[in-house]
Amino acid sequence: MRILIVEDDPLLGRGTQAGLEQGGFAADWVRDGVAADASLSATSYQAIVLDLGLPRLGGLELLARLRARGDRTPVLILTARDALEDRVKGLDAGADDYLVKPFRLEELAARLRALVRRAHGAASAVLSVGGVALDSGAHTVTWRGRAVELPAREFEVLRELMLNAGRVLSREHLQERVYRWGEEVESNAIDVHIHHLRRKLAPELIRTIRGVGYLMARDTG
Ligand code: CA
């Protein structure tokens, strides 16, 4: 799950990035509103963690710009404990959720998972497609009731395919969702993850659409 953190406090920014990475997210971190705006134009994120007090371009202004250009990426704002007015303004400007600083990383991770789920129209934490059940909260996968161990990247590739069941996803899309900037990525990394997923689950579960990408069929009936 690819997340953008916008936070000018270096300790908080770095800590949040490290914590989310440890929780299996691919998290990029920028320190001001202008850099965030540029990142959001270049990369598609599944959610944004947005501090409101930022240099160069404030969080509220960035949020307003984002929504004005029709970008509906879920946004969670970070506010100070007694800044009720900020929370109200943020929610009115199009934020989807908020957390008051200081916050627990577990709570941030759980709220981000919930935001991404809701953005895909899934109410439950457990995704279920074609005999596979994936629990984002517990980080577990079962195939026809049997537990399957998956490394973090394979888990993320599978989650993205399941969230988008019935849609063909390109390699580039999958790569963008699973890796952050600056990571060394082999050109066939996604194909290798798919190969392992097919071997651990079932070969027919993930289809290759030649020249386009990969598809997990939506359950019918
Ligand atoms: Ca700040």
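Residues numbered from 1 in each chain as written. Predicted model: local features only at pLDDT ≥ 70, side-chain atom pairs only at ≥ 80, totals over all residues. Heavy atoms only, no water.

**Q** I'd like a description of the domain arrangement of the protein chain, backed by residues and values.
**A** The figure often quoted for interface size is the accessible area lost as the parts come together. We note that the domain assignment places domain 1 (2-119) and domain 2 (126-215) within the protein chain. Distance between the C-alpha centres of domain 1 and domain 2: 26 Å. Of the roughly 1,300 Å² buried where domain 1 meets domain 2, counting both sides, 46% is carbon and sulfur surface. Three residues stand out in domain 1 for area buried against domain 2, namely Arg2, Gln46 and Arg113, and they jointly supply 35% of the buried area on that side. Where domain 1 touches domain 2, the interface holds one salt bridge. As a salt-bridge pair, Glu21 and Arg180 come within 2.8 Å of each other at their nearest N and O atoms. Inspection of the region where domain 1 meets domain 2 yields eight residue pairs in polar contact (both at pLDDT 80 or more). Looking at the side of domain 1 that touches domain 2, the elements with two or more residues in it are β1 (2-6), α1 (10-22), β2 (26-30) and α5 (105-119). Looking at the side of domain 1 that touches domain 2 element by element, the count peaks at five residues for β2. Along the lines of polarity and charge, the residues of the side of domain 1 that touches domain 2 split into seven nonpolar, seven polar and four charged. (Domains from an automatic or database assignment. Buried area = accessible area lost by both parts, 1.4 Å probe. Salt bridge = Lys/Arg side-chain N within 4 Å of Asp/Glu carboxyl O. Polar contact = N/O pair within 3.5 Å; in protein donor to acceptor, adjacent residues only side chain to side chain. Helix = DSSP H or I, 4+ residues; strand = E, 2+ residues; numbered from the N terminus. Nonpolar A, V, L, I, M, F, W, Y, C, P; charged D, E, K, R; others polar.)

**Q** Explain the side chain of Asp135 to me, using residue names and the numbers behind them.
**A** For Asp135, the location among the structural elements is in strand β7 (residues 132-135). There is a polar contact of 3.0 Å between the side chain of Asp135 and the backbone nitrogen of Gly137. Not counting chain neighbours up to four residues away, the residues in contact with Asp135 comprise Ala125, Val126, Thr140 and Phe155. (Contact = heavy atoms within 4.5 Å.)

**Q** Quick rundown of the coordination of the calcium ion? Include the residues and the values.
**A** For the calcium ion, the full set of protein donor atoms is Asp8 (OD), Asp51 (OD) and Gly53 (O), and the range of their distances to it is 2.2 to 2.4 Å. Mapping the donors of the calcium ion onto the primary sequence gives the spacing D-x42-D-x1-G. Here Asp51 lies in strand β3 (residues 47-51) and Asp8 lies in the loop between β1 and α1, a separation of 43 residues in the sequence. (Donors = N, O, S within 2.8 Å, 3.2 Å for Na, K, Ca; no water.)

**Q** So, the sheet that holds strand β9 (residues 146-148): which residues are in play, and what are the values?
**A** Read across the sheet, four strands follow the order β6-β7-β8-β9 without closing on themselves; strand pairing throughout is antiparallel. This sheet does not close on itself; its edge strands, each paired only once, are β6 (126-129) and β9. Across this sheet, the average inter-strand angle for adjacent strands is 25°, counted without regard to direction. Of the strand pairs in this sheet, strand β8 (residues 140-143) and β9 are connected by three bridges, and their pairing is antiparallel. Within the sheet, the bridge partner assigned to Thr142 lies in β9 and is Ala147. Helix-sheet contacts for helix α6 (residues 152-163) involve β6, β7 and β8, and the interaxial angle to β7 is about 110°. (Pairing = 2+ DSSP bridges. Axes fitted to C-alpha atoms, helices over the stretch in contact; angles between N-to-C directions.)

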